[in-house]
Amino acid sequence: MYKLAFQSLLQIDIRDKDIFPASRFGDINTLLSIVVPTLTIIGVVIFGAMFMWAGYQILTAGDEPDKLQQARQTAVYAAVGMLIIVAAFLIVRLLAFIFKLEIPI
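Model, not experiment: these values are computed from the prediction. (Residues numbered from 1 in each chain as written. Predicted model: local features only at pLDDT ≥ 70, side-chain atom pairs only at ≥ 80, totals over all residues. Heavy atoms only, no water.)

### Quick look at the overall build of the protein chain
Then, in step 1: Looking only at helices and strands, the protein chain features 3 helices and 0 strands.
Then, in step 2: Sequence-ordered secondary structure for the protein chain, helices as α and strands as β, is α-α-α.
Then, in step 3: Among the 105 residues that make up the protein chain, the fraction classed as buried is 13%.
Then, in step 4: Look at the contacts in the protein chain between residues 6 or more apart in sequence, and 49% of them connect residues 24 or more apart.
Then, in step 5: Roughly 8,600 Å² of accessible area belongs to the protein chain as shown, and the carbon and sulfur atoms make up 71% of that amount. (Helix = DSSP H or I, 4+ residues; strand = E, 2+ residues; numbered from the N terminus. Buried < 20%, exposed > 50% of the residue type's maximum accessible area, 1.4 Å probe, protein only. Contact = heavy atoms within 4.5 Å. Areas by Shrake-Rupley, 256 points an atom, 1.4 Å probe, with all protein chains shown as cover.)

Shown next, in the form of structure tokens:
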């Protein structure tokens, strides 16, 4: 039984895009051109949501200093997250320049 299973696995051509969809990413350039913009957009959306949530918390805090401090902390975390996203984006662009990869961003 196991011999039959392994023989059938050995006959699969991993370069066939219909059987093995990951073969679309033939090189790192293609993979990065899809992953980097997608993750950047997701990060920006999360940053915007966190920043709006912090604004809502500030507006509804009233005279309670604990809630106001928590809202400020949320805003700071959102800003730090955005800085990390920008730094990661710039590092990927720098590495692409160094290794002469073309990432259409």
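### Some points on the side chain of Gln57
Then, in step 1: With respect to the helices and strands, Gln57 occurs in helix α2 (residues 28-61).
Then, in step 2: Polar contacts involving the side chain of Gln57 include one to the side chain of Thr74, which spans 3.3 Å.
Then, in step 3: Not counting the four nearest positions on each side in its chain, Gln57 is found in contact with Gln70, Ala71 and Thr74. (Polar contact = N/O pair within 3.5 Å; in protein donor to acceptor, adjacent residues only side chain to side chain.)

### Thoughts on helix α3 (residues 65-98)
Then, in step 1: Compared with an ideal rise of 1.5 Å per residue, which puts 34 residues at 50 Å, α3 spans 49 Å between its outermost C-alpha atoms and is within 8% of the ideal.
Then, in step 2: Taken as a whole, α3 has its buried residues at Ala71, Thr74, Ala75, Ala78 and Ala96.
Then, in step 3: Buried-residue contacts for α3 involve α2.
Then, in step 4: At the exit of α3 stands Lys100, carrying a positive phi of roughly 55 degrees. (Expected span 1.5 Å × (residues − 1).)

### Details of the confidence of the model for the protein chain
Then, in step 1: Looking at the protein chain as a whole, its pLDDT mean stands at 82, while 74% of the residues score no less than 70.
Then, in step 2: Within the protein chain, no element has a lower average pLDDT than helix α1 (residues 2-10), which sits at 53, and none a higher one than α3, at 93. (pLDDT = per-residue confidence, 0-100.)

### Remarks on the pattern of salt bridges
Oppositely charged side chains are able to pair whenever their charged atoms sit close together.
Then, in step 1: Within this structure, the stated rule accounts for 1 salt bridge.
Then, in step 2: Among the salt bridges present, the one from Lys67 reaches Glu64, with a minimum N-O distance of 3.8 Å.
Then, in step 3: On the basis of relative accessibility, which here comes to 41%, the residue Lys67 falls in the partly exposed class. (Salt bridge = Lys/Arg side-chain N within 4 Å of Asp/Glu carboxyl O.)

### Some remarks on α2
Then, in step 1: The terminal C-alpha atoms of α2, which comprises 34 residues, lie 48 Å apart, in line with the 50 Å expected from a rise of 1.5 Å per residue.
Then, in step 2: Buried within α2 we find Asn29, Val36, Pro37, Gly43, Ala54, Gln57 and Ala61.
Then, in step 3: Gly62, located one to two residues past α2, shows a positive phi value of around 65 degrees.

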